Amino acid sequence: MADLRAPRVPGADLVVSRDPAGRRSMTRVEGRCAIDSISISEGERALVIEGRWRGRTPRALVLRGARVDTRADLTMLEDSRFECRLPLHAEGWLGQDRVVPCGTYVIQVDDGRSAARMVVAPASLRQTLPIKHQAPFAHIKVGRAALGQITVTLAPPLTSEESGVQGRAAVTSVKRPTPVVKDAVFLQSWFGKTFSDSPAPLADALRHHCREVLVGVRDFSVEVPDHVTPVIVGSRAWWEAMTSARVVVDNSWTPKEFKRRPGQKVVQTWHGTPLKKLGYDRSQHEGRPSTPQSFRWGSSKWDLLVSPNDYSTEILRRAYTYDGEIAQVGYPRNDVLVADDGVRSRVRASLGIAADTVVVVYAPTFRESQQGRSVFCDVEALGRALGPGFQLLVRGHSAALRPGTHHHGSHALDVSTYPESSHILAVADVLVTDYSSVMFDFTATGRPVVFFTPDMDAYAQDGRGVYFDLESTAPGPVVRRESQLAYEVRRAWRERAAVSPRYETWRTRYNGHDDGGATERLASRIREWL
């Protein structure tokens, strides 16, 4: 093996080396990197990497994650040494410069000629690993994994007293004996993984009617508007915000430790019209030994439950044994689908999609038995089959956001990490889905839907169960074979102007409140409490 300390032959990827007997030889080197030191620059939010290089000078180092990559060019110094300042931040979909999402990344080399290659930690660096650093924006650990590759793990910036099971217990054990609560609103969606869904437009509608708008976020990669204050889920600030705000808004379950205080109001917006069975209905389908009362622990905390239609009202009340007030006003998240406020054109432009391109959005739901999987067809093949004039966007479910991996390809654009799913639906000309509740949201637009359901029987019978037979009522073609999917999408687009009685029946049943005014109807109710 070539010695990294041996001289390089100028103008060639050759290294002169000497074997133990003293014989010299010339070895072709594709590039070898020895990292001597890694440190963290808090001000730059970057890894400062120093090392040595032999072979053709590479283009950059890459910090590669499941969903996000960052890169930085190498600055070559004397004697084949280099320095690289690899950023731990990136520009988000909305243009905000944010810390990269928490998770584990690997450091790779991009030499411009082949796929990026991993960097192996030499013995001198291994002796210093792991390197741990607690920055205000994230907790950072530099270590190594299999084959010696260098890993960088980011975690939320919780203090040692807030971290782990004991930290969570200590944070949530803080009691608020006084019934007085602050003139503030606390909102959270998807357990802080993003700030989106119905809580997001509500935050904007309520911003001028309270002293402060606080938002729970999993980490500082979550893009939030300037008029809200983000607080890290699990921190003391988060618990203080949730337990002292006059109004708490969530689109999923509040923490089990949370107890509504006198003077507080809790609004449960939920997150979709259900095809999949929920709560007690689901447990009965799966044969689990639960009772209606076992679901009351969560719903008893709600003062107001938001519903989009009569169908959902009946199911939500029964499945969660909820006997409180229901605001059947529609979902605020759907206002953007019918409002003429320029979102559709702005988002298409931000994604680089021409005005005359037909946008197809593939948005499947998740499978509980396949948590890390976010797509259920060959999206590259589908993008190729759609052909010129079409752009395929891939939108994975929020449950697969963290465990899933980002799709990199030339025929499909992965928008799973785009903060707001309703914006992606707004740009779609055709939706492809399976059992996701986006089917109910999207029909508010009147645009075509194609259902790709190769596992429909198993999903309905062995999975969570469904409330009705989708195939007999679907407002668009139901496709079982992947080879037919592109054809049905193109056909749906060609025949989009045709009036479908089944589609209109569907819209009458599920989209009666999708008129662009749901946010204001709900916000006016909440303002009564502020």
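Reading guide: rules and limits
Residues numbered from 1 in each chain as written. Predicted model: local features only at pLDDT ≥ 70, side-chain atom pairs only at ≥ 80, totals over all residues. Heavy atoms only, no water. Helix = DSSP H or I, 4+ residues; strand = E, 2+ residues; numbered from the N terminus. Buried < 20%, exposed > 50% of the residue type's maximum accessible area, 1.4 Å probe, protein only. Contact = heavy atoms within 4.5 Å. Areas by Shrake-Rupley, 256 points an atom, 1.4 Å probe, with all protein chains shown as cover. Lys, Arg positive; Asp, Glu negative; His and termini not counted. Charge placed at Lys NZ, Arg CZ, Asp CG, Glu CD. Axes fitted to C-alpha atoms, helices over the stretch in contact; angles between N-to-C directions. Parallel < 35°, antiparallel > 145°, perpendicular 65-115°, else oblique. Nonpolar A, V, L, I, M, F, W, Y, C, P; charged D, E, K, R; others polar. Arc of directions from axis to C-beta. Patch = residues over 30% accessible without salt bridge, like charges linked within 9 Å, V, L, I, M, F, W, Y side chains within 5 Å. Salt bridge = Lys/Arg side-chain N within 4 Å of Asp/Glu carboxyl O. Core = buried A, V, L, I, M, F, W, Y, C linked by side-chain atoms within 4.5 Å. Polar contact = N/O pair within 3.5 Å; in protein donor to acceptor, adjacent residues only side chain to side chain. Pairing = 2+ DSSP bridges.

So, on to the overall build of the chain. Each helix and strand counted, the chain has 17 helices and 28 strands in total. Principal-axis analysis of the C-alpha atoms gives the chain an extent of 85 × 60 × 45 Å. Out of the 530 residues belonging to the chain, those deemed buried represent 53%. Within the chain, contacts between residues at least 6 apart in sequence are counted, and of these 64% link residues at least 24 apart. Within the structure as shown, the chain displays about 23,400 Å² of accessible surface, and the carbon and sulfur contribution to it stands at 51%. Seen as two clouds, the 70 positive and the 61 negative side-chain charges of the chain have centres 5 Å apart.

As a further point, take the packing of helix α5 (residues 279-286) against helix α7 (residues 310-319). At a minimum axis distance of 6 Å, the contact between α5 and α7 shows a crossing angle of 70 degrees. By the angle between their directions, the pair α5 and α7 is classed as roughly perpendicular. Here Gly279, Tyr280 and Asp281 of α5 lie close against α7, whose contacting residues are Ile315, Arg318 and Ala319. Within the contact of α5 with α7, the residues separate by chemical class into 3 nonpolar, 1 polar and 2 charged.

The next thing to look at is the side chain of Ser307. Along the polypeptide, Ser307 turns up in strand β21 (residues 304-307). In this view, Ser307 contacts Ser312, Thr313, Ile326, Ala327, Gln328, Val329 and Gly330; residues no more than four positions away in its chain are not counted.

Its location among the elements puts Tyr362 in strand β23 (residues 358-362). Residues Tyr362 and Ser124 lie 238 residues apart in sequence; the distance between their C-alpha atoms is 48 Å. Every residue in contact with Tyr362, bar those within four places of it in the chain, is listed here: Val375, Phe376, Cys377, Val379, Leu392, Leu393, Val394, Arg395, Val432 and Phe452.

Our focus in this paragraph is helix α10 (residues 379-386). Inspection of α10 places Val379, Glu380, Leu382, Gly383 and Leu386 among the buried residues, and these make up the whole buried set. Down the axis, α10 shows its buried residues gathered within 160 degrees of arc, on one side only. On its buried face, α10 sits against β23, β24 (390-394), β25 (412-414) and α15 (485-494).

Moving on to the environment of Arg54. For Arg54, the position within the fold is in strand β4 (residues 46-54). Separated by 21 residues in sequence, Arg54 and Cys33 have C-alpha atoms that sit 6.7 Å apart.

Another point: a nonpolar patch on the surface. A grouping of Met118, Val120 and Leu147 is seen on the molecular surface, where their side chains present a nonpolar patch of about 280 Å² in accessible area. Mapped onto the secondary structure, Leu147 falls in the loop between β14 (139-144) and β15 (150-155).

Further remarks concern the nonpolar core. Grouped burial of nonpolar side chains is what soluble globular proteins tend to show. Ranked by internal contacts, the top residues of the largest apolar core, which has 88 residues, are Phe186, Leu393 and Leu470. Among the elements that make up this core, the one with the highest residue count is helix α3 (residues 199-206) (5 residues). Here Leu393 is in contact with Leu351, Ile353, Val359, Val360, Val361, Tyr362, Leu413, Val415, Ile424 and Val427, once residues within four sequence places are set aside. Listed in part, the 33 residues of the second largest apolar core include Ile38, Val100, Ile140 and Val142.

Of note, the amide linkage connecting Leu129 to Pro130 takes the cis form, showing an omega dihedral of 0 degrees. Considering the arrangement of structural elements, one finds Pro130 in the loop between α1 (123-126) and β13 (131-134). Even without glycine at this site, Phe191 takes up a positive phi of about 60 degrees. Note that Phe191 resides in the loop between β16 (182-188) and α3. A relative accessible area of 42% means that Phe191 is categorised as partly exposed. Although it is not a glycine, Asp197 sits at a positive phi angle of roughly 60 degrees. Within the fold, Asp197 resides in the loop between β16 and α3.

Mapped onto the elements of the fold, Ser235 is located in the loop between β18 (229-232) and α4 (236-244). Taking the relative accessible area as the measure of exposure, Ser235 reaches 7% and is therefore buried. Measuring from C-alpha to C-alpha, the distance between Ser235 and Pro201 comes to 25 Å, with 34 residues separating the pair along the chain. Setting aside residues up to four positions removed in sequence, Ser235 forms contacts with Leu158, Glu162 and Val171. Within the local environment of Ser235, its side chain forms a polar contact with the backbone oxygen of Ile232, the two atoms lying 2.6 Å apart.

Now for the sheet that holds β25. The parallel open sheet is built from 6 strands, whose spatial order is β25-β24-β23-β26-β27-β28. Of all strands in the sheet, those with a lone pairing partner are β25 and β28 (478-479), marking the two edges. The sheet contact formed by strand β27 (residues 449-452) and β28 spans 2 bridges and is parallel. Along β28, the bridge assignment pairs Phe452 with Val479. Most of the contacts of α15 go to β27, to which it runs at about 165 degrees, and overall it touches β23, β24, β26 (430-433), β27 and β28.

This paragraph deals with the sheet that holds strand β22 (residues 325-328). What the 7 strands build is an open sheet, ordered β18-β17-β16-β19-β20-β21-β22; its pairing is parallel. Where the open sheet ends on each side, the last strands, each with one partner, are β18 and β22. Each neighbouring strand pair of the sheet contributes to a mean axis angle of 25 degrees, computed without reference to strand direction. Pairing between strand β17 (residues 212-217) and β18: 4 bridges, direction parallel. The partner of Leu214 across the bridge, within β18, is Thr229. Against the sheet, α3 makes contact with β16, β17 and β19 (245-250), and its axis sits at roughly 155 degrees relative to β16, the strand it touches most. Against the sheet, α4 engages β16, β17, β18 and β19, with an angle of about 115 degrees to β16.

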